[in-house]
Amino acid sequence: MEYYLVKWKGWPDSTNTWEPLQNLKCPLLLQQFFNDKRNYLSQVQKGKAVTLKENHSSLQPAIAEYIVRKAKQRIALQRWQDELNRRKNHKGMIFVENTVDLEGPPLDFYYINEYRPAPGISLVNEATFGCSCTDCFFEKCCPAEAGVLLAYNKNQQIKIPPGTPIYECNSRCQCGPDCPNRIVQKGTQYSLCIFRTSNGCGWGVKTLVKIKRMTFVMEYVGEVITSEEAERRGQLYDNKGITYLFDLDYESDEFTVDAARYGNVSHFVNHSCDPNLQVFNVFIDNLDTRLPRIALFSTRTIRAGEELTFDYQMKGSGDISSDSIDHSPAKKRVRTVCRCGAVTCRGYLN
């Protein structure tokens, strides 16, 4: 007769018991147990190119350890997923998935929905004027006051070229929440999944639904720091082989967004030399041109299940930065090999 060691929910390990199959009323957990066992054996066979013979009298210690670690990881990722969805303020749901390895939630990452200014930096998130339009499509709205075109068409798709700033209606405008010029401020509308990549790129983000071309997907948020502080942190990040620094260089180069510790889903979006997301500068309540918000729009139709990427060298101006590392929005001081796999891959992230 087969017996299974059961960990009882809410009870310590000292109360674990061995139970026959007939006592177990948890078909989903049993299925997960067998899936984890099969996945482990498959990984070992691939790594050693041998056929393993199972010992039917007991589980091999390595298999048992893997199954326990995988179960604990699954619980930790579910808790993290629940926390992300409690903290987000947008419509789209966030899911977490790791079918690749035993990596758990990041230990030093805090989810935020908007810029977090570092000490000494003031973000004035209150507009000084707003429109009085009854129909922002046909009247002199906020973009016209700023000397630019309305960014969206009636299908909520962006119609301006990269490098052109987006001016949305703000809290002082008399138009309502259904105004067609309020897109980025409503947040991510799509359900996205933070997933563990199988190509060595760590975590990535994929969409769970089809995304239309030229539509808003997410903002890039993080801690707003001075460019001088970004230089200092960049040196530290280089030693760890990571960086999440994005220059706010629309008009000047005074500030940088650091999404290393504080950020949203965009923290996990990987680089590609042939990306499906494009960077745009956005102004809503804060009209300080030194501090634009960074929005990512789809460049083409993105299929459900497809990974989301943007070019780490893409600037808000719409240009690709030169080889000068200091001008790259994702500041990297060492040559980092690119693994995007695109036909047009430049070979390096910087």
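Residues numbered from 1 in each chain as written. Predicted model: local features only at pLDDT ≥ 70, side-chain atom pairs only at ≥ 80, totals over all residues. Heavy atoms only, no water.

Looking at an unreviewed UniProt entry, the chain carries the name Histone-lysine N-methyltransferase, with the source organism given as Vicugna pacos. As recorded by UniProt, the Sequence similarities (unreviewed entry) comment attached to the chain reads in full: "Belongs to the class V-like SAM-binding methyltransferase superfamily. Histone-lysine methyltransferase family. Suvar3-9 subfamily." Per its UniProt entry, the chain bears the Catalytic activity (unreviewed entry) comment "L-lysyl(9)-[histone H3] + 3 S-adenosyl-L-methionine = N(6),N(6),N(6)-trimethyl-L-lysyl(9)-[histone H3] + 3 S-adenosyl-L-homocysteine + 3 H(+)". (UniProt positions renumbered as here; feature names shortened; annotations may be inferred.)

> So what exactly am I meant to see when it comes to the packing of aromatic side chains here?
Note on aromatic pairs: each is described by the distance of the centres and the angle between the planes. In total, this model carries 17 aromatic pairs according to the counting rule given. A ring pair is formed by tyrosine 220 and phenylalanine 246, whose centres lie 5.3 Å apart and whose planes are at 45°; its orientation type is tilted. Of the two residues, tyrosine 220 sits in strand S9 (residues 216–220) while phenylalanine 246 sits in strand S11 (residues 245–248), which places them 26 residues apart along the sequence. Residues tyrosine 220 and phenylalanine 246 agree in their burial class; the two are buried. Members of the aromatic cluster, connected to one another through ring pairs, are Trp80, Phe109, Trp203 and Phe268. The ring of tyrosine 262 carries the charged tip of arginine 116 above its face, separated from the ring centre by 4.1 Å. Directly above the ring of tryptophan 203 sits arginine 196, whose terminal nitrogen or CZ lies 5.1 Å from the centroid. (Phe/Tyr/Trp six-rings, centres within 6.5 Å; stacked < 30°, edge-to-face > 60°. Helix = DSSP H or I, 4+ residues; strand = E, 2+ residues; numbered from the N terminus. Buried < 20%, exposed > 50% of the residue type's maximum accessible area, 1.4 Å probe, protein only. Lys NZ or Arg CZ within 6 Å of the ring centre and 35° of its normal.)

> Looking at this model, I keep getting lost on the UniProt feature "domain: Pre-SET" (unreviewed entry) in the chain. Mind explaining?
With numbering aligned to this structure, UniProt lists the feature "domain: Pre-SET" (unreviewed entry) at residues 129–187. A helix fraction of 7% and a strand fraction of 3% characterise residues 129–187, whose end C-alpha atoms lie 22 Å from each other.

> Help me understand the environment of serine 14 in this model?
Summarising the element assignment, serine 14 is placed in the loop between strand S1 (3–6) and strand S2 (17–20). You can call serine 14 exposed: its relative accessible area is 69%. Sequence separation between serine 14 and aspartate 36 is 22 residues, and the spatial gap between their C-alpha atoms is 24 Å.

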